[in-house]
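What follows is the residue order along each chain.
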Amino acid sequence: MAENLSIVVWAKQGCAYCAEVKDYLTKEGHEFQVVDVTDHDEQRDILQAKYGVRYVPVVEIGRGHTYRGVTELGLPALETALGEAEKWDLDSVY
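Keep in mind that this is a model prediction, so the values were computed, not measured.

S.K.: Got a sec to walk through the nonpolar core? Specific residues and values, please.
M.R.: Ranked by size, the top nonpolar core spans 25 residues in total, and within it Leu 25, Val 59, Ile 61, Leu 78 and Leu 82 carry the most contacts. For this core, the elements supplying multiple residues, two or more each, are strand E1 (6-11), helix H1 (16-27), strand E3 (58-63) and helix H3 (75-86). By residue number, the principal contributor to this core is H3, which donates 6 residues. Ignoring sequence-local partners within four residues, the contact set of Ile 61 consists of Leu 5, Ser 6, Thr 66, Tyr 67, Arg 68, Val 70, Leu 78, Ala 81, Leu 82, Ala 85 and Trp 88.

S.K.: Summarise the side chain of Glu 60; cite the residues concerned and give the values.
M.R.: If you trace the backbone, Glu 60 turns up in strand E3. At 3.1 Å, the side chain of Glu 60 forms a polar contact with the side chain of Trp 10. Those residues in contact with Glu 60 that lie beyond four places of it in its chain are Ser 6, Ile 7, Val 8, Trp 10, Lys 50, Tyr 51, Arg 68 and Gly 69.

So, how was this worked out
- Residues numbered from 1 in each chain as written.
- Predicted model: local features only at pLDDT ≥ 70, side-chain atom pairs only at ≥ 80, totals over all residues.
- Heavy atoms only, no water.
- Core = buried A, V, L, I, M, F, W, Y, C linked by side-chain atoms within 4.5 Å.
- Buried < 20%, exposed > 50% of the residue type's maximum accessible area, 1.4 Å probe, protein only.
- Helix = DSSP H or I, 4+ residues; strand = E, 2+ residues; numbered from the N terminus.
- Contact = heavy atoms within 4.5 Å.
- Polar contact = N/O pair within 3.5 Å; in protein donor to acceptor, adjacent residues only side chain to side chain.

Just geometry here; none of it tells us what the structure is for.
Quick look at the structure:
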């Protein structure tokens, strides 16, 4: 049985790129959660530790025990990551 994608968007208020990502995901019918880093430097510390960046948007895409963080700006990188995630063979993941 295929598991649905889990999507988390790390974003901040007033960020045009963040709004673009959320609008795209909504239009494509993807459910997602938002982690708002506005005025929360501790959240940016988490991004720094996980991905080596402090900027947003960062999109985490997961399914099963497999996940990927998309740190590249622009919708083409997100589209590619979503397409790859849909093809993940979870039976081959330990």
